[in-house]
Amino acid sequence: MGAHTAQRKTQRNFLDIPTAAFEAGYSPRHFRRIIEEDRIPIVQIGRKFFILGRDFSNWESSQKMKRLA
């Protein structure tokens, strides 16, 4: 398995809203508001909404930069 394949797998990692909220340390309801305010891209599959792992990590890193400033 090459580096390109491993990178592609991490990009396709989906997080549902409650899981992403838990990892970020927020309630699911508050995290939905954060998604709207920070315009985090979401994907709807069926009736559920997901955040791509790379978008979540990009959002997390931008939040850390805001806290440091």
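Only a predicted model underlies this, so the values are computations on that prediction, with no experimental measurement involved.

Draft legend 1. Spotlight on the packing of helix α2 (residues 17-24) against helix α3 (residues 28-38). The N-to-C vectors of α2 and α3 enclose an angle of 95°; their axes lie 9 Å apart at closest approach. Compared by their axis directions, α2 and α3 come out roughly perpendicular. Only Pro 28, Phe 31, Arg 32 and Ile 35 of α3 make contact with α2, whose side of the interface consists of Ile 17, Pro 18, Ala 20, Ala 21 and Ala 24. Among the residues forming the contact of α2 with α3, the class breakdown is eight nonpolar, no polar and one charged.

Draft legend 2. Up close: a nonpolar patch on the surface. Where nonpolar side chains cluster on the molecular surface, the patch consists of Phe 14, Val 43 and Ile 45 and spans about 240 Å² of accessible area. Following the sequence through the fold, Val 43 ends up in strand β2 (residues 43-45).

Conventions adopted
- Residues numbered from 1 in each chain as written.
- Predicted model: local features only at pLDDT ≥ 70, side-chain atom pairs only at ≥ 80, totals over all residues.
- Heavy atoms only, no water.
- Axes fitted to C-alpha atoms, helices over the stretch in contact; angles between N-to-C directions.
- Helix = DSSP H or I, 4+ residues; strand = E, 2+ residues; numbered from the N terminus.
- Parallel < 35°, antiparallel > 145°, perpendicular 65-115°, else oblique.
- Contact = heavy atoms within 4.5 Å.
- Nonpolar A, V, L, I, M, F, W, Y, C, P; charged D, E, K, R; others polar.
- Patch = residues over 30% accessible without salt bridge, like charges linked within 9 Å, V, L, I, M, F, W, Y side chains within 5 Å.
- Areas by Shrake-Rupley, 256 points an atom, 1.4 Å probe, with all protein chains shown as cover.
- Salt bridge = Lys/Arg side-chain N within 4 Å of Asp/Glu carboxyl O.

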